[in-house]
Amino acid sequence: MSSFPNTEETMTLIKELVTIPSPSGYTKDAIQFIEQRLEISNVETKRNRKGGLIATLPGKNTSKHRFLTAHVDTLGAIVKEIKTDGRLKIQVIGGFPLNYVEGEYCTIHTVSGKKYTGTILMHQTAVHVYRKAGELKRDTENMEVRIDEVVKSEEETRKLGIEIGDFISFDPRVEKTESGFIKSRHLDDKASAAILIKVIEKLAADQTELPYTTHFLFSNNEEIGYGGNSNIPPEVVEYLAVDMGAIGDGQRTDEFTVSICVKDASGPYHYGLRNHLTEIAKANEIEFKLDIYPYYQSDASAAIHAGHDIIHGLIGPGIDASHAFERTHESSLKHTENLVYHYVQSEMTEE
């Protein structure tokens, strides 16, 4: 019998997920992938009107529910303008500086379904022509998409079927190292989406009866601020967002443990739930770090802002270089998956 969690399987699933383009507003393929996968385990799922997916596992107590979420939407871009030379001006989707994607390969997704590759570059890239190329501001005025097609005018680009509003996804460049790291774009939050899928599959395979009916939302608008603030049943008492732990100067979060958020930019998370999570971690030899994320809000905080009367918390694997070319380690995935697995089988937090 294989051990749980199997981080090799989790990392394989992460690699599958990050290669499915899903910038906020264009997440249908990622949602369908998860939906079809959970169908194999005979897990009840439904779509909400916003396009997210809710999976439900019944529990002994049907009057009090739990709600967990991870988001499948990612950073990306959208076509703002077709330039006279046939290249594309863009607007960003989600919060990131454009220098994070300079030189990145990308895909333009047309309404007809046709896809074209390209590269995101400064207009003034050629150092043999533009003397101050390195000094110019990386913004939507100076950066553009160079399409990998023979186009020299706005008209020729339009003939390809490319139009204003077409979504642009970034090449994830996913790679797993022998030392146990996985590095890729979009680990925020597809690493946690993979963790929730693996926990659901484990519980379903073992026919585990949970103490409370538990919902798992794979949300699709978190990067633009409103992924998890609807479709919360009135029976829900606890809401746990499983997202990413922020790493940087002054942070305790690292790539090797699960991060339990005490406070983010929205304010403190529920004190009782935070302590409940740390007690579960200690009881099950799960390595964790408590931390504060200064410039961060989650689907759980969005739900609080929307007025839901819930106990809210936030955990996740530590992700280095968030919203850029991200990386985490298999040990962080293992500890996060273990914490989720034991949490959903625990008793409710005492308020």
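Residue numbering note: each chain is counted from 1, following its sequence as written. A pLDDT threshold of at least 70 governs which residues receive local features in this predicted model, and a stricter bar of 80 or more applies before side-chain atom pairs are shown or counted, although totals over entire chains, interfaces and linings include all residues. In computing side-chain values, all of the structure's heavy atoms are included and hydrogens and water are not.

Participant: Would you explain the overall build of the protein chain in this entry?
Facilitator: Numbering of helices and strands runs from the N terminus; a helix is a DSSP stretch of H or I covering at least four residues, while a strand is a stretch of E covering at least two. Within the protein chain, the secondary structure is distributed over 7 helices and 19 strands. For 351 residues, the compact-globule estimate of 2.2 N^0.38 gives 20 Å, and the C-alpha radius of gyration of the protein chain, at 21 Å, lies within 12% of that figure. Among the 351 residues that make up the protein chain, the fraction classed as buried is 55%. Across the protein chain, the fraction of contacts at a sequence separation of at least 24, relative to all contacts at a separation of at least 6, is 76%. Using a 1.4 Å probe, the Shrake-Rupley method yields the accessible areas, and only the shown protein chains count as cover for residues. About 15600 Å² of surface is accessible on the protein chain, with carbon and sulfur atoms providing 47% of the total. Distance from the positive charge centre (38 side chains) to the negative charge centre (53 side chains) of the protein chain: 4 Å. Only the C-alpha atoms count toward the radius of gyration. The rule for a globule is 2.2 Å times the residue count to the power 0.38. Here's how the labels work: a residue is buried when its accessible area is under 20% of the maximum for its type, exposed when over 50%, partly exposed in between, all with a 1.4 Å probe on protein chains only. Residues are treated as being in contact if the distance between any of their heavy atoms lies within 4.5 Å. For the purpose of counting charges, residues Lys and Arg are taken to be positive, whereas Asp and Glu are taken to be negative. His and the chain ends are not included. The atom standing in for a charge is NZ when the residue is Lys, CZ when it is Arg, CG when it is Asp and CD when it is Glu.

Participant: Looking at this structure, how should I read the sheet that holds strand S10 (residues 175-176)?
Facilitator: Whether parallel or antiparallel, the strands of a sheet pair through hydrogen bonds between backbone atoms. In short, DSSP must find at least two bridges between two strands for them to pair. As summarised here, the arrangement of the 3 strands in space is S10-S11-S19, forming an open sheet in which the pairing is antiparallel. Both outer strands of the open sheet, S10 and strand S19 (326-329), are each paired with one neighbouring strand and no more. Inspection of the sheet shows strand S11 (residues 181-184) paired to S19 by 4 bridges, in the antiparallel sense. Across the sheet, the residue bridging to isoleucine 182 is threonine 328, located in S19. Strands in contact with helix H7 (residues 330-343) are S10, S11 and S19; relative to S19, the strand with the most contacts, it is inclined by about 70°. Here an angle of 0 to 180 degrees is reported between the N-to-C directions of two axes, which are lines fitted to C-alpha atoms, with helices fitted over the stretch in contact.

Participant: Help me out: how do you make sense of the pairing of strand S2 (residues 53-57) in this one?
Facilitator: Side-chain direction in a regular strand flips from residue to residue, so the side chains alternate between the two faces of the sheet. Of all 5 residues in S2, 5 are buried, a share of seventy percent or more. Across the two faces of S2 the burial is the same, with Leu53, Ala55 and Leu57 and Ile54 and Thr56 all buried. Bridge count for strand S1 (residues 44-47) against S2 is 4 bridges, and the pairing is antiparallel. Residue pairing across strands places lysine 46 opposite isoleucine 54, the latter belonging to S2. Where S2 and strand S12 (residues 210-219) come together, 5 bridges link them in antiparallel fashion. Looking across to S12, one finds that threonine 56 is bridged to histidine 215.

Participant: Would you take a moment to explain the side chain of aspartate 254 for this structure?
Facilitator: With respect to the element layout, aspartate 254 can be found in the loop between strand S14 (245-246) and strand S15 (258-264). One polar contact links the side chain of aspartate 254 to the main-chain amide nitrogen of phenylalanine 256, over a distance of 3.0 Å. A polar side-chain atom of aspartate 254 sits 2.6 Å from a polar atom in the side chain of lysine 289. Polar contact is defined as a pair of N or O atoms within 3.5 Å, subject to the rule that within protein one atom must be able to donate a hydrogen and the other to accept it, and that residues adjacent in sequence are counted only when both atoms are side-chain atoms.

Participant: Would you mind going over the environment of aspartate 291 with me for this structure?
Facilitator: Among the structural elements, aspartate 291 can be located in strand S17 (residues 288-292). Between the C-alpha atoms of aspartate 291 and serine 259, which are 32 residues apart in sequence, the distance is 6.7 Å. With sequence-adjacent residues up to four places away left out, aspartate 291 is seen in contact with Ala246, Gln251, Arg252, Thr253, Ser259, Ile260, Cys261, Val262 and Lys263. In terms of polar contacts, aspartate 291 uses its side chain to reach the side chain of glutamine 251, at 3.3 Å.

Participant: Can you help me understand the pattern of salt bridges in this one?
Facilitator: Pairing of side chains with opposite charge becomes possible as their charged atoms draw close. By definition here, a salt bridge exists when the distance from a side-chain nitrogen of Lys or Arg to a carboxyl oxygen of Asp or Glu is within 4 Å. For the coordinates displayed, the defined rule picks out 21 salt bridges. Between glutamate 201 and arginine 37 there is a salt bridge, with its nearest N and O atoms 2.6 Å apart. Of this pair, glutamate 201 sits in helix H4 (residues 187-205) while arginine 37 is found in helix H2 (residues 28-40), placing the two residues 164 residues apart along the sequence. According to the relative accessible area criterion, arginine 37 is partly exposed, its value standing at 23%. One salt bridge in this structure joins aspartate 254 and lysine 289, with 2.6 Å as the shortest N-O distance. Here the residue aspartate 254 occupies a position in the loop between S14 and S15, and lysine 289 occupies one in strand S17, the gap between them amounting to 35 residues.

Shape is all these values report; function is a separate question.
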